[in-house]
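# Coordinate inspection notes
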Amino acid sequence: MRVGTPREVKTNEHRVGLTPTAVREYVARGHEVRIETGAGVAAGFPDADYVKAGALIVADADAVFADSEMIVKVKEPQPSEWGRLTERHILFTYLHLAPDPEQTKALLASKCAGVAYETVTDRNGGLPLLAPMSEVAGRIAVFSAAETLLKHNGGMGLLFCGVPGVAPARVLVLGGGVVGLNAARMAMGLGAEVVVLERSIPRMRQIDELTGGRVITRYSSLHAIEEELVKADVVIGAVLVPGAEAPTLVRRDQLKTMKPGSVLIDVAIDQGGCFETSHATTHEDPTYVVDGVVHYCVGNMPGAAPRTSSEALNNATLPFGLALADRGLEALRADPHLAKGLNVLKGEITHPAVAEALGLEWRDPFGVWAAGGARG
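In what follows, the accompanying structure is described. (Residues numbered from 1 in each chain as written. Predicted model: local features only at pLDDT ≥ 70, side-chain atom pairs only at ≥ 80, totals over all residues. Heavy atoms only, no water.)

Position of P128 relative to the elements: it lies in the loop between β6 (113-116) and α6 (131-148). A C-alpha to C-alpha distance of 8.2 Å links P128 and E118, two positions ten residues apart in sequence. Once residues lying within four places of it in the same chain are set aside, the contact partners of P128 are V120, T121, D122, A316 and F320. (Helix = DSSP H or I, 4+ residues; strand = E, 2+ residues; numbered from the N terminus. Contact = heavy atoms within 4.5 Å.)

In structure tokens, the structure reads:
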């Protein structure tokens, strides 16, 4: 198969869909790989590394899309890329369609097969292609919180780790999944007082064991959120419903109960955000203030560490990408977990959570969902 990776064009996105190491694996399996010139430079991978791995360097994105059957990216296609997608393309990337009706409309019009990293599953019900970026985002969220708390960045002027005789920051993490666990462990390691709100009791037991009881766990409820918001210096939103919009956990009227200069970090912003007052920001202009509370809502936090993020992402996506390159859409029929990554196909939505979020019909072409949807 002819596989292509264009340079990412989303603002401040420096990751790359295929690393030279991954390219070598595709080429070894007999596939042709086209890389847009400069696609990996910001992540530390010059064109020469791709040539050495066996890729063909092409002049621009038009050439990548025109000459490739499968497009491997990192972020969802931007408006400038929508018109390049056609029915013959398999698009393998993060899509986050639930809060993005315009992108969904464009992908449906293209009739491409859109396989979203964030909804591919594993045997344990996990999200193996979302996990590595969730790990990075959870850790970066803590660094970003510590920086934002400083006075010159708009925060209350609190040192995250404290000093002898002065208490450290109190960090509230909403959700104990991959993002939440990584944020909690990082915050704990930097000396903060950490509370995680979670609804899975087994997960709370696991967090307690992994942190030696140093992280406080509470069952997530409206009452617990209200109580903890009053005490928190930092709140990290780390909730996820696969394929769907993130639930709103903090309302605007609750901001007045928080400390002036406290910080909200919304890691769920790609899925619409979990704070009512959230809207997407960029690394260039990451924060804004609502009712005295600083909001940090960067939509591609892992893009700040493109080398680490690109390598971690490729480690996870490579087996699935090779399966798609080897077998095309038949790979979805062979692997129901990969099939659950399919969000759009031939002008139809194929994921129930995406369809529900957007109020549209959906189809189950490979019969991987237990109930609902038309079977093809």
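Here the narrative resumes.
Let us look at the pattern of salt bridges. Inspection of every chain in the model, using the stated rule, returns 20 salt bridges. Its salt-bridge partner being E8, residue K73 comes within 2.9 Å of it at the nearest N-O pair. Of the two residues, K73 is situated in the loop between β4 (70-72) and α4 (79-82) and E8 in the loop between β1 (2-5) and α1 (20-28); the sequence distance between them amounts to 65 residues. Its salt-bridge partner being K259, residue D233 comes within 2.8 Å of it at the nearest N-O pair. Pair noted here: D233 is in the loop between α9 (222-231) and β10 (234-237) and K259 is in the loop between β10 and β11 (263-266), with a separation of 26 residues, a long-range link. Through salt bridges with shared partners, a single ionic network connects R170, E193, R218, E227 and E228. (Salt bridge = Lys/Arg side-chain N within 4 Å of Asp/Glu carboxyl O.)

Within the fold, V289 resides in strand β12 (residues 287-290). The spatial distance from the C-alpha of V289 to the C-alpha of S262 is 9.9 Å, given a sequence separation of 27 residues.

Structurally, the position occupied by T119 is in the loop between β6 and α6. For the pair formed by T119 and V171, sequence separation is 52 residues and the distance between their alpha carbons is 29 Å. The residues touching T119, leaving out its near neighbours within four places in the chain, are L127, G243, K340, G341, N343 and H351. At a separation of 3.4 Å, a polar atom in the side chain of T119 contacts the main-chain carbonyl oxygen of G341. (Polar contact = N/O pair within 3.5 Å; in protein donor to acceptor, adjacent residues only side chain to side chain.)

Strand order in the open sheet made by the eight strands is β3-β2-β1-β4-β5-β6-β14-β15, with mixed pairing throughout. Strands with a single pairing partner mark the edges of an open sheet, and in this sheet they are β3 (56-58) and β15 (348-349). As judged from the three bridges shared by β4 and strand β5 (residues 90-93), these two strands associate in the parallel manner. When the bridges of β5 are listed, I71 appears paired with L91. Here α1 sits on the sheet in contact with β1, β2 (32-36) and β4, set at roughly 150° to β2. Strands β1, β4 and β5 of the sheet are contacted by helix α10 (residues 306-327), whose axis makes an angle of about 175° with β5. (Pairing = 2+ DSSP bridges. Axes fitted to C-alpha atoms, helices over the stretch in contact; angles between N-to-C directions.)

Let's shift gears to the pairing of β1. Where β1 meets β2, four bridges bridge the pair, whose relative direction is parallel. The partner of T5 across the bridge, within β2, is I35. For the segment spanning β1, α1 and β2, crossover handedness is right-handed. Sheet topology places β1 next to β4; two bridges connect them, and they run parallel. Residue V3 lies in a different strand from β4, and its bridge partner there is M70. (Right-handed = clockwise from strand over helix to strand, strands pointing away.)

Bridging between β6 and strand β14 (residues 342-345) involves two bridges; their strand directions are antiparallel. Paired with G114 across the bridge in β14 is V344. The pairing of β14 with β15 spans two bridges and is classified as antiparallel. The residue of β15 that forms the bridge with L345 is E348. Connecting β14 to the antiparallel partner β15 that follows it, the hairpin turn spans two residues, and K346 within it adopts a positive phi of roughly 50°.

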